[in-house]
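# Notes for the structure review
Letter by letter, the chains look like this.
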Protein chains: 4
Amino acid sequence: MSLNIAPGKTNIGWIGTGVMGHSMVGHLMKAGFKATVYNRSKDKAAELLKAGAAWGDTPKAVAEKSDVVFAIVGFPKDVREVFLGDQGALAGAKAGTVLVDMTTSEPSLAVEIADTAKKKGVHSVDAPVSGGDVGAKNAALSIMIGGDKDVVDALKPCWEAMGKTIVHQGPAGAGQHTKMVNQILISTTMIGLCEALLYGYKSGLDLETVFKSVSTGAAGSKSLDNLGPRILAGNFDPGFYVEHFIKDMGIALAEAKKMGLSLPGLALAEQLYLSVQAKGWGRNGTHALMLALAEMSGVDWKGRK
Amino acid sequence: MSLNIAPGKTNIGWIGTGVMGHSMVGHLMKAGFKATVYNRSKDKAAELLKAGAAWGDTPKAVAEKSDVVFAIVGFPKDVREVFLGDQGALAGAKAGTVLVDMTTSEPSLAVEIADTAKKKGVHSVDAPVSGGDVGAKNAALSIMIGGDKDVVDALKPCWEAMGKTIVHQGPAGAGQHTKMVNQILISTTMIGLCEALLYGYKSGLDLETVFKSVSTGAAGSKSLDNLGPRILAGNFDPGFYVEHFIKDMGIALAEAKKMGLSLPGLALAEQLYLSVQAKGWGRNGTHALMLALAEMSGVDWKGRK
Amino acid sequence: MSLNIAPGKTNIGWIGTGVMGHSMVGHLMKAGFKATVYNRSKDKAAELLKAGAAWGDTPKAVAEKSDVVFAIVGFPKDVREVFLGDQGALAGAKAGTVLVDMTTSEPSLAVEIADTAKKKGVHSVDAPVSGGDVGAKNAALSIMIGGDKDVVDALKPCWEAMGKTIVHQGPAGAGQHTKMVNQILISTTMIGLCEALLYGYKSGLDLETVFKSVSTGAAGSKSLDNLGPRILAGNFDPGFYVEHFIKDMGIALAEAKKMGLSLPGLALAEQLYLSVQAKGWGRNGTHALMLALAEMSGVDWKGRK
Amino acid sequence: MSLNIAPGKTNIGWIGTGVMGHSMVGHLMKAGFKATVYNRSKDKAAELLKAGAAWGDTPKAVAEKSDVVFAIVGFPKDVREVFLGDQGALAGAKAGTVLVDMTTSEPSLAVEIADTAKKKGVHSVDAPVSGGDVGAKNAALSIMIGGDKDVVDALKPCWEAMGKTIVHQGPAGAGQHTKMVNQILISTTMIGLCEALLYGYKSGLDLETVFKSVSTGAAGSKSLDNLGPRILAGNFDPGFYVEHFIKDMGIALAEAKKMGLSLPGLALAEQLYLSVQAKGWGRNGTHALMLALAEMSGVDWKGRK
Ligand SMILES: NC(=O)C1=CN([C@@H]2O[C@H](COP(=O)(O)OP(=O)(O)OC[C@H]3O[C@@H](n4cnc5c(N)ncnc54)[C@H](OP(=O)(O)O)[C@@H]3O)[C@@H](O)[C@H]2O)C=CC1
Ligand SMILES: NC(=O)C1=CN([C@@H]2O[C@H](COP(=O)(O)OP(=O)(O)OC[C@H]3O[C@@H](n4cnc5c(N)ncnc54)[C@H](OP(=O)(O)O)[C@@H]3O)[C@@H](O)[C@H]2O)C=CC1
Ligand SMILES: NC(=O)C1=CN([C@@H]2O[C@H](COP(=O)(O)OP(=O)(O)OC[C@H]3O[C@@H](n4cnc5c(N)ncnc54)[C@H](OP(=O)(O)O)[C@@H]3O)[C@@H](O)[C@H]2O)C=CC1
């Protein structure tokens, strides 16, 4: 194979210009790639179009004009549609095209896309990210990549335009599996964070002072650093949506079940987050778990003095 | 009050020369404090005695010769015994003596000791630590302190000999409450760590490569940094004993119950750690949780290829 | 509509002659219905064929010769295949035929089958059962039925040949939803049963004597009555397969998630049963939960003296 | 030993004339026993005094006038006080007296009382009950008894006046352990009951019709029979107090911990019930768990149409 991907030379397609995708394709364009974009709601692509992106009417149309087609959409069913649907990218891709799914989605779907694509001589890579909207904006994402080594290597100029920690994890699906590891780590850490703050509050401590003692030692975590202060401030804006986190935990639990794993902590986390969503905070950030746990204990977190 | 605590001038007493206490009193001695020590098993004090410490036959005897009496023993019942028992430090303390409990113990017991001591004109401070054996050795502990401000301030030369992060958290008991916050944070984080590694392993990933992707981002934590590599290496030596962690979770749950809190994550963690202990790993480090969770999923972690 | 279902007159089709189906269609035949049967493994139908049943080579072939087609197969994917597949019953059904799924399966799939069937003028009813292999053998099942009232009523001679508690629960899907209620009730009851016996055993009680005290009072349950003695005897034969129970809990959790419910107890039960399966007891009865919980506590249940 | 316990002959003492005790001592009196009673709040004994009971000013005073002293009070600390306190029954008991604790209390405390009593030549038996206020009223309790066989046998006329299922479970503490088995059975059964009803409600089923399908089969339980209809009716009056149930689960978990058992289901139940209490329903019946679980899922159970 002689994939030669470079700014100026390679035409990029991009599907999904939401919170994350919007910044990410912007970096590719700034790096010199010509881009054709598509999004379900066209208005969210307006700025990119103004900045010089072309518009494709469907993922298929995007693929027809592109050498590499990226997507970062919402849920696995969206991934299926934009890659494998009648109007999906694969339908418009010629042999040698590269498909890159950056959505957090199902490992098995990543494998299915790769297998289906291969039959047409099309390459496919899964490359979910962590780092949030801030990481996307600052081109500081961690990108976890699954796919054939030569394709992953060839995409280096793209990865480097968007991220800082770029690791090839293995064959198709390995990127998604790695992202699941990431989400499992976060899920129960969030429970501990919220329960600990609830305990600290009820025991009469000053929580900012508590942070001074606990945040740099063995109990330290990125969740504590990033979300702890927002929880204290009563600011539950996303960040990362509760409903997307529920999607991720659902994927992880389903995969774990297939692999024969019993994960009681993750299962508890999913149910607690379903409570967060049921109470109307699904479009808040993941740290809104605090609100649901506080209510279980009869504490009005936002109204506390 | 005119507490004037300084090396050369102040006589220190120390009860409990185990993993933690041994290093800690050593730092005080190096800082110039004269020390009288006591430990249940005298042999664990041999090195300190050689280095110039005096021996007291009981906590009471220690207190009779000391201006400030520290203890870091095992369980709350030990704390009760060494401070409030017939042969305890309070029995030997004269007015103006300062008692300092650095064991991780019950907040309510800390209050009880402080109240009882006050009746004799004796000061009492609770000052549990985090940072582990390594932190103790390197005088890099985080010390979480509850007690009267002037006493806590007067002890500054002692704190600084042993720790790096020294924070006065509030009145008697506040140190212990803060330590509970610390332990709650760790407890479910440990579940996530082990479940995530189990998932990663079963999905065929190379876990060291996974660490590269996940450890610096939103999923990062001190638990992952410190214990992750030991888990991969199959090294479950303590560190921090499972049985001490169970003690701490038990205290936190009991306090939470008194305060009217529902903490499902912490409760699950305690039960999983009881499983670790039941299977014979109570004197291993807390990351031995991996072994119990692996067995629940039929995985022989140490024997994995 | 003028459905007139009666022995002698109505031709019955039956798909799935396993543990349950085998006995159930036997009762219909004994009641005078002529039956055509199909099963993936033909040998499991041998006895029925000898007793006078006809063989159909596919569910479609069965449907072509039948007025009412029943199925009780394994998993939802099997249900989909035997009803909606190319060689499925619907493909062979003429207008006026009645399809009856007695598998424990997805409520949403029941609705989908009913909607798809309706377009061909075919009736569809979901009618899962409880009562186990014993209930099937003794024609003493509880049958929980979803579908149009007139169709459900017309099937009365069939229901009465197989069951004792026959209740029309509502429209298509309502039978399956009711069965889910049934399984949710059982799932955490099983946890209590096993944890209680473990406690009783470890505290040195004689468990048969304990049963005398607890089984008739507020703690009494069918699970205790039926499965308690088998657990004591160390007999973990099915009964109802662990792997079928995992299927059912998975369906219930997925439906609950769609409905916005947080069910922490059911989620814990599923994970504990995944542990049972991971340890190799998936083809045992549901009371094999005992073995997994005992191992978590380091107890060798079967080897206890 | 020649214990000869009989109406007319034996003087009974009774401590604790609340919901349970009131009916129970009433039955003994009706059976012909002369009784001296004591209760913290004297007014709750008024009816009994009118019916001919004598009053004792303290448990000690009661014991001085009695051959057998029963108690059914609230919490273990009350048990300790009324038996072992300065003014407790043991202080007033002469050799040969029998102490009977019918409170649900700690097994280890039962052993401690028995051992302490033995030193004075006093007999002690633990005999907690199940069956609720209704069982107490109808003399239909299940009485679970721990103690020396001859003493337990001698008490037969008393047991038979109060209960229907009377079982000697073993030595001191065995009665309490058996009661713990009973409570563990109930705890997670209650979770299943509430989660199942929540599921049924949200899926649009008519719950009374659902009961017809599920209550007589494998999912049947006394909890479902007794508490299911009250939950549907929105009647959360006690029955058995949430706060007493929390006491019992706390005892069971503490004993289990001592015995090295991991009981994740019971631990979850305790936390959910702590939520019930935190939300203000501690003095409701145990089926108020429904209200807390419903709120976790954003459902207003009482206000549902
Ligand atoms: N290790 C760690 O990483 C950390 C530990 N802690 C906490 O610090 C405490 C001590 O831990 P660690 O040093 O690891 O444990 P060790 O068991 O090594 O040390 C405890 C010491 O106290 C002595 N001791 C215990 N009870 C008594 C008593 N009744 N009278 C006299 N001496 C007694 C023991 O004597 P003997 O030699 O006879 O056993 C032992 O030397 C625990 O509460 C733990 O939770 C806190 C932070 C970190
Ligand atoms: N056993 C019990 O106590 C109860 C079971 N149920 C439910 O009833 C269902 C059946 O259970 P049970 O009878 O125990 O299980 P079995 O596995 O014994 O029976 C299932 C039968 O269906 C056949 N089958 C499965 N898939 C297909 C297919 N795709 N095409 C054709 N035939 C197929 C199987 O064929 P093959 O012989 O080739 O495997 C088998 O004979 C399950 O959904 C279970 O949850 C409900 C209540 C109680
Ligand atoms: N209710 C039920 O369904 C069942 C209850 N139980 C158990 O029985 C026990 C009693 O329950 P119940 O009768 O419902 O509760 P109540 O609170 O109605 O009764 C307890 C009685 O004991 C008295 N009492 C409590 N502490 C003391 C003390 N220190 N000194 C003197 N008297 C005291 C109380 O006095 P005061 O009037 O001042 O409060 C009260 O009259 C509990 O342990 C409970 O768990 C067991 C089975 C069923």
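Preceding block: the structure.
Residues numbered from 1 in each chain as written. Chains lettered and ligands numbered in written order. Predicted model: local features only at pLDDT ≥ 70, side-chain atom pairs only at ≥ 80, totals over all residues. Heavy atoms only, no water.

### A look at the interface of chain A and chain B
In plain terms, the rule: Contact between two residues is taken to exist if any of their heavy atoms lie within 4.5 Å; hydrogens are not considered. By definition, the buried area sums, over both parts, the 1.4 Å-probe accessible area that each loses when the two are put together. Any carboxyl oxygen of Asp or Glu that lies within 4 Å of a side-chain nitrogen of Lys or Arg is treated as forming a salt bridge with it. The definition of a polar contact used here is a pair of N or O atoms within 3.5 Å, where within protein one atom must be able to donate a hydrogen and the other to accept one, and adjacent residues in sequence count solely through side-chain atom pairs. Comment: elements are numbered from the N terminus, with helices defined as DSSP H or I runs of at least four residues and strands as E runs of at least two. Only Asp, Glu, Lys and Arg are considered charged, only Ala, Val, Leu, Ile, Met, Phe, Trp, Tyr, Cys and Pro nonpolar, and every remaining residue, Gly among them, polar.
Counting residues at the interface gives 61 residues for chain A and 61 residues for chain B. Overall, the association of chain A and chain B removes approximately 5000 Å² of surface from exposure, summing both partners, and the carbon and sulfur fraction of that is 66%. The interface formed by chain A and chain B contains zero salt bridges. Linking chain A with chain B are 24 residue pairs in polar contact (both at pLDDT 80 or more). At the level of elements, strand S8 (141-146), strand S9 (163-170), helix H10 (174-202), helix H11 (207-214), helix H12 (222-233), helix H13 (242-258), helix H14 (264-278) and helix H15 (289-296) of chain A are the ones that each hand at least two residues to the side of chain A that touches chain B. With 20 residues, the single largest contributor to the side of chain A that touches chain B is H10(A). Tallied by class, the residues present in the side of chain A that touches chain B amount to 32 nonpolar, 23 polar and six charged.

### Thoughts on the site of ligand 1
Residues and elements named next belong to chain B. Note the cut-off: Nearness is judged by heavy atoms alone; a residue qualifies as near a molecule or strand once a single heavy atom is within 4 Å of it. Here the open area of atoms and residues is found with the Shrake-Rupley method and a 1.4 Å probe, where only the protein chains shown may cover a residue.
Around ligand 1 sit 25 residues in total, of which Asn39, Ser41, Lys44, Gly74 and Lys247 are the nearest. Take Val73: an N or O atom from its main chain is 3.5 Å from an oxygen atom of ligand 1. Contact between ligand 1 and Gly74: an oxygen atom at 2.9 Å from a main-chain N or O atom of the residue. About the coverage of ligand 1: the protein hides 93% of its 890 Å² of free accessible area. Mapped onto the shell around ligand 1, the elements with two or more residues apiece are helix H1 (19-30), helix H4 (76-84), helix H7 (132-137) and helix H13 (242-258). Looking at the shell around ligand 1, the element that brings in the most residues is H4, giving three residues. Residues belonging to the shell around ligand 1 are distributed by class as follows: eight nonpolar, ten polar and seven charged.

### Focus: the relation of the copies chain A and chain B
Counted only if it meets this: When the copies are overlaid, the least-squares fit takes in C-alpha atoms only where the residue has pLDDT of at least 70 in both copies.
The two copies are related by a screw operation: chain A maps onto chain B through 180 degrees of rotation and 0.0 Å of translation along the axis, at an RMSD of 0.1 Å. Within this description, the copies of the chain are treated as partners about a two-fold rotation axis. Counting the interface residues of chain A, we find that 100% of their copies in chain B are interface residues as well, pointing to one common contact surface.

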